[in-house]
Amino acid sequence: MGEPSSDQEEMNPQQTPKRPKGGLITMPFIIANEAFEKVSSYGLMPNMIIYLMRDYRVTVAKGTNILFFWSAATNFMPLLGAFVSDSYLGRFLTIALGCIASFLGTVLLWSTTMIPHIKPPPCDQSTQGCKSPTAGQMTFLISSFVLISIGAGGIRPCSLAFGADQLQNKVNSGNKRILESFFGWYYASSAVAVLIALTGIVYIQDHLGWKVGFGVPAIIMLFSALSFFLASPLYIKRKAKQSLFTGFVQVVVASYKNRKLSFPPLNSKGGYHQKKDSNLVAPTDKLRFLNKACIISNPELDLALDGSASNPWRLCTIEQVEELKALIKVIPIWTTGAIMSINISQNSFPLLQANSMNRHISSGFQIPAASFGMFTIITLTIWILLYDRAILPLASKIKGKPVMLGVKLRMGLGIFFSFLSMTVSAIVENIRRRRAIREGFANNGQAVLTDMSAMWLVPQHCLNGLAEAFNAIGQTEFYYSEFPRSMSSIASALFGLGMAVANLLASVILSSVDHISSKGGKESWVSNNINRGRYDNYYWVLAILSFINLLYFVVCSWWYGPCAEPYTNIEGDQELTELDKSPA
């Protein structure tokens, strides 16, 4: 080979270095992607019960159940999306497929307002006859809901982690503050997106009709997809790796396969399989039957040359076993949050109440009935700011030492405020119904009580906001502090899973109330006619369940015992090096 030419020598110094991928330049695209998705999907939900009742002629009970199932799917899909992302597709591809699914779903929903044959024809005004939707028409509608839920499942669990991936190089180089700044902008954009959905999108639906009201979310979802795909060449795209969920299943399978093995002697070394450079020499004594998953019975057969398990479905690490134990231990407290979330998921009935009340705040403007949910978001935001910036600093100054409410206390307060919210809802609805009957509107559920302001509904929304501020944030902090750092993705997904379970439970409760209260030909408590129904009794049922849940939380909290210090875990300051003899 000869010497390189002078031309080559001159070109090499002039070659511009390839720009590293990721970094701050990708942040606007990632944040805009999820913010637009939330504006689109959250904007469709508030008024949907009105659309189902008027255009599809479903009863309030059936329509509300459809929305409960839709919400359950939307809250469950992120858990499935996180598993698919971690195990198979990676975060970029999962978000990309989520964008496409959500866009197709909004387009299908929009088409139900544009194509006459996709939904039932208008009622015959001469005979007052109304046709019910066919199976094909309902399938088309439900398909749009399913696609929107799949889209949320692809985008929501991955966006935050995908954004963090783009900044990891800067974090590794010592810029720790940049990740905190990204999280702040991410959550701020999410809150603004929800507020825009509950005000702007709802206002468009109320004043410009369903065609424009459903068309705008479809166009917004198109912008969401474009904002993500445009920056594709700039992203760091990490490959998928084994999901924690797979690890949990491996522990269960391995503990069953090894059920006949004997436990190693106490304080023996090498009896349990551990990660490299781990200080954990033995699993804890809680849920001891799972410990058999990490027992080494024959090192030559069980371990590969590099020290890893030759068959991960027969031998797991101590860390895998402890991760599953940590998840199982929090389940009782997690169920209390799921039950509380039933109250937060009640959107249809407050909407129908607001629709029948005077919503004017001036002679020329009235608040859309579906926008009253914004008082929940506003209360939540204001409380977080006051708690973090005013209440805690002032209390710490008075006490002369740092003060903070314990995480379980905050969760309990959230459940208590949720109970108060349902109690206030029942009282306000009782007052509203008695006024409607007194004014002669018993047989007209659509009549508007001009002398009763819809602002009566604000306190129950504010109490729901406080409930969510205390319990939802407390739950997330509780999981993060109690779980190993390797389970941070599970910690963020558990609240969404609780909401999914809450939606299903809410559907069961609603169906039971509708069935029992309508026996013997009686008017159902959840009748289409809000004035002849007894929504107040339905709220009292939820209030009683909330009070029982509060007592249940106290028992679960006592059983769980003391929490870890904030953000310490078995991989950090509370390393487990000996068998834990404390009771389960």
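Scroll up to find the structure this text is about.
Residues numbered from 1 in each chain as written. Predicted model: local features only at pLDDT ≥ 70, side-chain atom pairs only at ≥ 80, totals over all residues. Heavy atoms only, no water.

Visitor: Honestly, the overall build of the protein in this entry has me stumped. Any pointers?
Guide: Summing up its helical and strand segments, the protein has 16 helices and four strands in all. Relative to its full complement of 584 residues, the protein shows a buried share of 50%. Considering only contacts within the protein whose residues lie at least 6 apart along the sequence, 80% involve residues at least 24 apart. Counting only carbon and sulfur atoms, one obtains 64% of the accessible surface of the protein, whose full area is about 28500 Å². (Helix = DSSP H or I, 4+ residues; strand = E, 2+ residues; numbered from the N terminus. Buried < 20%, exposed > 50% of the residue type's maximum accessible area, 1.4 Å probe, protein only. Contact = heavy atoms within 4.5 Å. Areas by Shrake-Rupley, 256 points an atom, 1.4 Å probe, with all protein chains shown as cover.)

Visitor: Help me understand the packing of helix H4 (residues 60-89) against helix H5 (residues 91-114), please; the structure alone is not making it clear to me.
Guide: Describing two packed helices takes the angle between their axes plus the distance from one axis to the other. Where H4 contacts H5, the two axes come as close as 8 Å, and the packing angle between them is 135 degrees. By the angle between their directions, the pair H4 and H5 is classed as oblique. As H4 packs across H5, the resulting crossing turns out to be right-handed. Between H4 and H5, the contacting residues are Gly 81, Ser 85, Asp 86 and Leu 89 on the first element and Arg 91, Leu 93, Thr 94 and Leu 97 on the second. A breakdown of the residues in the contact of H4 with H5 according to their chemical character gives three nonpolar, three polar and two charged. (Axes fitted to C-alpha atoms, helices over the stretch in contact; angles between N-to-C directions. Parallel < 35°, antiparallel > 145°, perpendicular 65-115°, else oblique. Left-handed = near helix turned anticlockwise from the far one by under 90°. Nonpolar A, V, L, I, M, F, W, Y, C, P; charged D, E, K, R; others polar.)

Visitor: What exactly am I supposed to notice about helix H11 (residues 348-355) here?
Guide: Given 3.6 residues per turn, any residue in an α-helix points the same way as the ones three and four places further on. The element H11 is extensively covered by neighbouring structure, given that seven of its eight residues are classed as buried. When H11 is considered as a whole, its buried residues turn out to be Ser 348, Phe 349, Pro 350, Leu 351, Leu 352, Gln 353 and Ala 354.

Visitor: I'm lost on unusual backbone geometry in this one. Help?
Guide: A negative phi holds for most residues other than glycine; trans holds for most peptide bonds. Residue Arg 57 is not a glycine yet carries a positive backbone phi of 55 degrees. Inspection of the secondary structure assignment puts Arg 57 in the loop between helix H3 (48-55) and H4. Positive phi, close to 50 degrees, is recorded for Leu 287, a residue that is not glycine. With respect to the element layout, Leu 287 can be found in the loop between helix H8 (244-257) and helix H9 (299-302). With relative accessibility at 30%, the residue Leu 287 sits in the partly exposed group.

Visitor: Got a minute to help me understand the pattern of salt bridges in this structure?
Guide: Pairing between side chains of opposite charge can happen when the charged atoms of each approach one another. Per the stated rule, a full pass over the model turns up ten salt bridges. Between Asp 55 and Lys 119 there is a salt bridge whose closest N-O contact spans 2.7 Å. Taken together, the residues Asp 55 in helix H3 and Lys 119 in the loop between H5 and helix H6 (135-172) connect sequence positions 64 residues apart. Under the relative-accessibility criterion, Lys 119 is labelled buried at 15%. Here Arg 534 and Asp 536 are joined by a salt bridge, their closest N and O atoms 2.9 Å apart. Taking relative accessible area as the criterion, Arg 534 reaches 24% and is therefore assigned partly exposed. On the accessibility criterion, Asp 536 (1% relative accessible area) is buried. The network of salt bridges with shared partners includes Arg 91, Asp 165 and Arg 238. (Salt bridge = Lys/Arg side-chain N within 4 Å of Asp/Glu carboxyl O.)

Geometric values such as these leave the question of function open.
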